[in-house]
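What the coordinates show
Below, each chain spelled out in residue letters.
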Amino acid sequence: MASQTRLDIKLRAQNLTRPAFTAINRSLNATRRGIARLQQSLTGMLGGAKGQLIGLAGAYAAFETVVRGPAEFNAELAKVGTLGSEARDRLSEFRDEIQGLSVDAGIAPEALADGLFNVISAGTDASKAMDVLTEATKLAVAGSADLTSTVSGLSVVANAFEVEGAQGFKSLAENLFAAQVIGKTTIEDLSNNIGKLASTFADSSISVTEMFTALADITTVSSNTEEAATSLRSAITAILKPSDDLAKIMEKVGIPMGAAAFQGRNLGEIFSLISAEAERMNIPMAKVLGNVRAVTAAVTLGARGGQRYAEALEKQKGLLSELDSSYELQQAQLKNLFSAVVNLGKVLAENFSRGALIGLDGFLKDVIKDAKEMTIQARIAGLEFRR
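Just so you know, these numbers come straight off a predicted model, no measurement behind them. (Residues numbered from 1 in each chain as written. Predicted model: local features only at pLDDT ≥ 70, side-chain atom pairs only at ≥ 80, totals over all residues. Heavy atoms only, no water.)

**Focus: the overall build of the chain**
When helices and strands are counted, the chain shows 21 helices and zero strands. Out of the 387 residues in the chain, the part that is buried amounts to 48%. Put simply, 71% of the contacts in the chain that link residues at least 6 apart link residues at least 24 apart. Within the structure as shown, the chain displays about 18,100 Å² of accessible surface, and the carbon and sulfur contribution to it stands at 52%. (Helix = DSSP H or I, 4+ residues; strand = E, 2+ residues; numbered from the N terminus. Buried < 20%, exposed > 50% of the residue type's maximum accessible area, 1.4 Å probe, protein only. Contact = heavy atoms within 4.5 Å. Areas by Shrake-Rupley, 256 points an atom, 1.4 Å probe, with all protein chains shown as cover.)

Pasting the structure below:
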């Protein structure tokens with residue numbers, strides 16, 4: 001008889017709660033559509049930035065991971081300690097800084113600890129690693145990108161250009177973010193391909209801003225970012241190791257050989273001079289450069305007498321502050337989400353505590369009665385309830 005009573009209660013509970021949870025799930029579907037519209041609206045506010053803002057539902061998933069992942073965090077942090085004595089000595093400091101960054105950015109601490117491991121593994125000193133991780137995290141959040149990719153991209157560039165100090169790492173992140181705004185590319189694609197260029201540009205004393213501007217500009221006429229990076233690297237290599245035809249042209253137009261070619265002139269001016277002289281001599285650019293893959297970059301950067309690249313460079317410099325603006329907007333959205341989650345928790349706690357006092361039957365009826373309020377809170381928070 002007791003088992004039959006429990007079965008009856010269970011069946012009644014399912015029947016009574018199904019309408020409430022069905023209503024909530026319907027609201028959640030509307031929420032997802034609303035979030036998509038919100039993303040489009042906020043993206044437009046950034047002046048054409050191509051990176052979409054993180055969805056509220058995605059942010060809550062990160063919040064859930066923060067709450068549930070202490071074991072994973074400890075495991076990932078322990079891995080950092082295997083990277084040498086300096087890293088081991090800083091584990092306590094790393095723990096505090098990662099936890100603070102996790103709260104600010106809405107990224108799970110175990111993901112940040114894994115990012116820190118990758119930063120140090122890439123050759124960054126442990127004393128500078130948190131500066132790189134902080135900027136990579138801001139870049140990932142602001143550009144809706146994968147943290148692993150941004151860590152990799154910033155680490156490679158920082159090591160190649162021997163960047164020092166928090167401000168130096170911040171400048172790298174700002175340039176990467178601005179490049180995705182002016183180019184036909186994404187934060188992840190830039191991060192995954194900038195390694196093809198970093199060492200060559202650093203060895204040639206070409207600035208980080210010029211490097212990112214050139215790559216971004218070439219993506220607008222290339223099939224993808226990888227193709228653009230390959231073409232740009234080939235074009236720079238052609239200058240450093242000129243063919244016989246290119247050596248003659250460079251001598252005629254007064255461009256020094258080797259890395260000295262990039263001193264005193266920007267890339268647009270250099271390739272404009274070369275293109276004009278090659279045309280005058282009736283020599284195809286592919287033959288001049290010695291590599292057909294270099295042609296797209298050389299022609300694009302030298303277009304309109306180098307004016308195209310000059311304009312892109314000015315635009316890049318003007319967008320360097322966009323990273324901070326986008327990150328702050330994301331943080332504001334995240335804080336609003338967490339506030340909504342707290343409100344939802346209060347509604348649920350109130351209902352469940354009331355159930356303990358007045359009994360299962362009365363409690364379930366109250367849940368249905370309060371379904372509208374719960375649905376509103378769930379819609380704001382982007383949560384999903386399962387029966």
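**Observations regarding the confidence of the model for the chain**
Looking at the chain as a whole, its pLDDT mean stands at 81, while 69% of the residues score no less than 70. Low pLDDT, under 50, characterises residues 381-387; the predicted model gives this stretch 25 contacts beyond four residues in sequence or across chains. (pLDDT = per-residue confidence, 0-100.)

**Here's the deal with the pattern of salt bridges**
Inspection of every chain in the model, using the stated rule, returns 13 salt bridges. For Asp114, the salt bridge identified is with Lys79, shortest N-O distance 3.9 Å. Taken together, the residues Asp114 in helix α6 (residues 109-121) and Lys79 in helix α3 (residues 70-80) connect sequence positions 35 residues apart. Given the relative accessible area of 23%, Asp114 is considered partly exposed. (Salt bridge = Lys/Arg side-chain N within 4 Å of Asp/Glu carboxyl O.)

**As for helix α13 (residues 225-240)**
Owing to its 3.6 residues per turn, the α-helix aligns residues three or four sequence positions apart on the same side. End to end, α13 covers 23 Å across 16 residues, agreeing with the expected 22 Å (1.5 Å per residue, within 8%). What α13 keeps buried is the set Thr225, Ala228, Ala229, Thr230, Ser231, Leu232, Ser234, Ala235, Ile236, Ala238 and Ile239. (Expected span 1.5 Å × (residues − 1).)

**A word on the packing of aromatic side chains**
Within this structure, the stated rule accounts for zero aromatic pairs. Positioned over the ring face of Phe117 is Lys79, at 4.9 Å from the centre of the ring. (Phe/Tyr/Trp six-rings, centres within 6.5 Å; stacked < 30°, edge-to-face > 60°. Lys NZ or Arg CZ within 6 Å of the ring centre and 35° of its normal.)

**Looking at the packing of helix α7 (residues 126-142) against helix α9 (residues 165-182)**
One can describe the packing of α7 onto α9 by two numbers: an axis separation of 9 Å at closest approach and a directional angle of 25°. When the axes of α7 and α9 are compared, the pair comes out roughly parallel. The interaxial crossing formed by α7 with α9 has right-handed handedness. Judged by residue contacts, Lys128, Asp131, Val132, Glu135, Lys138, Leu139 and Ala142 of α7 engage Gly165, Ala166, Phe169, Lys170, Ala173, Leu176 and Phe177 from α9. Considered class by class, the residues forming the contact of α7 with α9 number eight nonpolar, one polar and five charged. (Axes fitted to C-alpha atoms, helices over the stretch in contact; angles between N-to-C directions. Parallel < 35°, antiparallel > 145°, perpendicular 65-115°, else oblique. Left-handed = near helix turned anticlockwise from the far one by under 90°. Nonpolar A, V, L, I, M, F, W, Y, C, P; charged D, E, K, R; others polar.)

**Quick notes on α9**
Between the first and last C-alpha of α9 there are 27 Å, a value that for 18 residues agrees with the 26 Å anticipated at 1.5 Å per step. Burial analysis of α9 places 14 of its 18 residues in the buried class, the great majority of the element.

**What about unusual backbone geometry?**
A negative phi angle characterises most non-glycine residues, just as the trans form characterises most peptide bonds. Located in the positive-phi region is Ser144, a residue other than glycine, with phi close to 50°. Mapped onto the secondary structure, Ser144 falls in the loop between α7 and α8 (147-160). According to the relative accessible area criterion, Ser144 is partly exposed, its value standing at 31%. A positive phi angle, close to 60°, is found at Ser205, a residue other than glycine. Within the element layout of this structure, Ser205 appears in the loop between α11 (198-203) and α12 (208-219). Accessibility expressed as a relative area gives 52% for Ser205, which makes it exposed.

**Points about the packing of α3 against helix α5 (residues 91-105)**
Put simply, α3 and α5 touch, their axes get as near as 10 Å, and they point 135° apart. One way to sum up the angle between α3 and α5 is to call them oblique. Considering how the two elements wind past one another, α3 and α5 form a crossing that is right-handed. Of the residues in α5, those in contact with Phe73, Asn74, Leu77 and Val80 of α3 are Leu91, Phe94, Arg95, Ile98 and Gln99. Among the residues forming the contact of α3 with α5, the class breakdown is six nonpolar, two polar and one charged.

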